[in-house]
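The chain contents come next:
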Amino acid sequence: MNSFIALFLTPAFGYAILRVTTPILFASLGNVISDKAGVSNIAMEGTMLTASLAGVLVSAYSGNAFIGLLAALLVGVLFSAFMAYISLYLGTKIIMAGIALNLFASSFTVYVLYMFTGQKGNSASLASKQLPTIDLPIIKNIPVLGEILSGHNVLVYVALLSIVVIYVMLNKTKLGAHIKAVGENPSAAASVGINVRRVQFISLCLSGLLAGFGGAFMSMGYLSMFTRDMIAGRGWIAIAASAMGRSMVIPTVITSFLFGIFSAVGNVLQLQNMPSELITTLPYVAVFIGIVGYSIRKYKKEN
Amino acid sequence: MKKLSNKAKNEIIQIATAIVIALLITLVVLFLTSDEPIYAFNKLLTAPLTNMRYFGNVLELMVPLAFAGISASLLFRSGLFNMGGEGIFYISGIVATVLATKHLGNSMVHSTIVILGASIFGGLIACISGFFKAKYNANELVTSLMLNNILFGVGFYILKSKLKDMSVTGVASEQYLETAKLQVLIPKTNVTTGFILLIVVTIIIWLIYKKTKLGYTIKMTGINKEFAKYSGMSFFALTMIVHFMSGFIAGMGSSVHLMSMYDRFTWSALPGYGFDGCLVAMLGKNHPIGAFVAAFGLSYLRTGSDIMARNTDVPVEMIAIVEMTLVLLITADFVVKYLKRKKAIEGGSTNE
């Protein structure tokens, strides 16, 4: 039993948590922004997937990882802008548009990949670039903490930074105030001269930008290539995380990390000869219990 | 009466416009990426009609799509965004497999037990999300998505540890008994009595919508959640009934599909029918007959694109572009808006 616990008390485990949480963090923060504006972006999965392919293709053809990252971000924003246009201006329900776009992205990325590489499974034949890792000065020399925090892909630090940026944006800026006003009461917001659709459009684009970061991390950090359906449910987990965090920045960040921890535990347990089919359900069971538990508590408080 | 026919007319214009635009986009994509665009386009659209086997493929594939679509449309119509069909298809398939590999009676009896067992199980599983939604208002979209992955994990574990046939390579259950399988209707295809069952279910759901208080309540609750209270049926009861029906139909779709097309259970991933069902429901405007027609259309397109991919340089995934265009254009109300605006301009009014 002691040796079992020891598996989780290593710096490598802490390092893994940060790495696993990063894409979920990006996507769940993106969801927080759009949820706050009263529009739920459930196309996170597809947005990240499309962005991760864009990053790989552009970095391979430009030879520069950062140009690849820019492309991933641009595609993330355009993908969300498209969904926003369809739902805000043409009248498709946004959840419906999200479902359709997720399915679309899953096949469309394979189609584009095939057009460029002749392969349908992965982009291994392309010399795509990886975003650099960063050693944090001073911190890297601290034992344990240095091993956990230092030496990550640059986007891991961007994800941590974006927590602060988004918190400030939502709580201290005019845009943040407009987003919250629109989400809480659209007609009241409109009556004081806020352009509701425009604010919602911007929020969706911002959530697409974050999904772009998440996608770029997946194919240019977490892995060094694009593989078919590589987001593998992280977009859905992010939706669950922001739902559990009631669309507030800090609780959502905490839930995202809980997820990361459960996933990292799952990854370790799988190496211990446990039935991997059951272990992989661990993070989903955790969210399920979390969501239900929260709802029951709220129900009891109200009644 | 006149208003109703106007609405129907608008919908027809909208759907026709959507199809024309989708076909144009397909042509453009083919011209940009293929060496033989016209040949590919022709294959895509006409190949399924060229022989009975291909047309049989269309009908075979439309069965699970239509069941999944009707299942999803029940929920969407009541304003519930539950996407759990995916997991239910998997776990009900496992239940059907358990039942279909045991001697439980002669042909008719055995296949009925298999389908009923899988359907009832599917209904009960759907009630998990349903219950937490109905009683505690837990977000059904999130719980059902989580359940999809949980049910897959549990189902795949059962398949690997309990049902696996050790004499074959790969993960597959033991062979289904002949008595469990559905009877073939069209020779040399896998179109079975399951197709008749699909027609029956479509008609029953249509009648429920049209003739019963339940159907009326479903529709009104979808428009305004508060309505269930005033209709004499509690939101709790309505949510549970709709979830059970939806899961029941998804479980039926899964077992019918397996007993028509498969000899063993071999799914090592979620089959995708649950999410496809959401597309079908959207295309069919949350109506059972709409879903039936949409499933046919989607199945036709997919069969066509499959044949096209085998004969040309265009990969089968191209069809996703057509599907998305269709879904987004059919669910948008741009035609109605355009007509309204036109009328407003003609009438000299500036209001939209």
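Conventions and cut-offs
- Residues numbered from 1 in each chain as written.
- Chains lettered and ligands numbered in written order.
- Predicted model: local features only at pLDDT ≥ 70, side-chain atom pairs only at ≥ 80, totals over all residues.
- Helix = DSSP H or I, 4+ residues; strand = E, 2+ residues; numbered from the N terminus.
- Rg over C-alpha atoms; globule rule 2.2 N^0.38 Å.
- Contact = placed C-beta atoms within 7 Å.
- UniProt positions renumbered as here; feature names shortened; annotations may be inferred.
- Core = buried A, V, L, I, M, F, W, Y, C linked by C-beta atoms within 7 Å.
- Buried ≥ 20, exposed ≤ 12 C-beta atoms within 10 Å, placed from the backbone.
- Axes fitted to C-alpha atoms, helices over the stretch in contact; angles between N-to-C directions.
- Parallel < 35°, antiparallel > 145°, perpendicular 65-115°, else oblique.
- Left-handed = near helix turned anticlockwise from the far one by under 90°.
- Nonpolar A, V, L, I, M, F, W, Y, C, P; charged D, E, K, R; others polar.

**Q** What's the story with the overall build of chain A in this structure? I'm lost.
**A** Looking only at helices and strands, one finds 14 helices and two strands in chain A. Taking 2.2 N^0.38 as the reference for a compact globule, 303 residues should give roughly 19 Å; the C-alpha atoms of chain A span a radius of gyration of 20 Å, in line with that estimate. Across its three principal axes, chain A shows a C-alpha extent of roughly 60 × 55 × 40 Å. A separation of at least 24 residues holds for 72% of the contacts in chain A among residues at least 6 apart in sequence.

**Q** What is the right way to look at the UniProt feature "transmembrane region" (unreviewed entry) in chain B in this model?
**A** All names here are of chain B. Here the UniProt feature "transmembrane region" (unreviewed entry) sits at residues 12-34, 54-76, 88-105, 111-132, 141-159, 191-209, 230-252 and 318-336. Helix makes up 89% of residues 191-209 and strand 0%, with an end-to-end C-alpha separation of 28 Å. The span residues 230-252 is 83% helix and 0% strand, and its two end C-alpha atoms sit 32 Å from each other.

**Q** Hey, could you run me through the nonpolar core in this one?
**A** Here is a general trend for soluble globular proteins: nonpolar side chains tend to be buried in one another's company. Ranked by size, the top nonpolar core spans 204 residues in total, and within it Ala100 and Ala240 of chain A together with Ala66, Phe67 and Val280 of chain B carry the most contacts. For Ala240 of chain A, the contacting residues outside a window of four places in its chain are Val287 and Ile291 of chain A together with Val142, Leu145 and Met146 of chain B.

**Q** Explanation requested: the interface of chain B and chain A in the structure shown.
**A** Interface size is often expressed as the accessible area that is lost when the parts come together. Chain B puts 36 residues into the contact, and the matching count from chain A is 38 residues. Elements that contribute at least two residues to the side of chain B that touches chain A include exactly helix H5 (107-136), helix H6 (140-163), helix H11 (273-283), helix H13 (319-331) and helix H14 (334-346) of chain B. It is H6 of chain B that provides the largest number of residues to the side of chain B that touches chain A, a total of twelve residues.

**Q** What exactly am I supposed to notice about the environment of Asn148 of chain B here?
**A** All names here are of chain B. Take Asn148: it is sitting in helix H6. Residue Asn148 is classed as buried on the basis of its C-beta count, with 25 C-beta atoms lying within 10 Å. Sequence-distant contacts of Asn148, defined by excluding residues within four places in its chain, comprise Gly84, Glu86, Gly87, Leu270 and Gly274.

**Q** So what exactly am I meant to see when it comes to the environment of Thr193 of chain B here?
**A** Residue and element names in this part refer to chain B. Positionally, Thr193 belongs in helix H7 (residues 193-211). When the C-alpha atoms of Thr193 and Leu141 are compared, they prove to be 33 Å apart, with 52 residues separating the residues in sequence. Sequence-distant contacts of Thr193, defined by excluding residues within four places in its chain, comprise Leu182, Gln183 and Leu185.

**Q** Help me understand the packing of H11 of chain B against H13 of chain B in this model?
**A** Each pair of packed helices gets described by two things: the angle between the helix axes and the distance between those axes. All names here are of chain B. Following both chains from N to C, one finds H11 and H13 inclined at 45°, their axes separated by 9 Å at the closest point. With respect to their mutual orientation, H11 and H13 come out oblique. Two packed elements cross with a definite hand, and for H11 against H13 that hand is left-handed. Contacts between H11 and H13 involve Leu279, Met282 and Leu283 from the first element and Glu323, Leu326, Val327, Ile330 and Thr331 from the second. Class assignment of the residues belonging to the contact of H11 with H13 gives a composition of six nonpolar, one polar and one charged.

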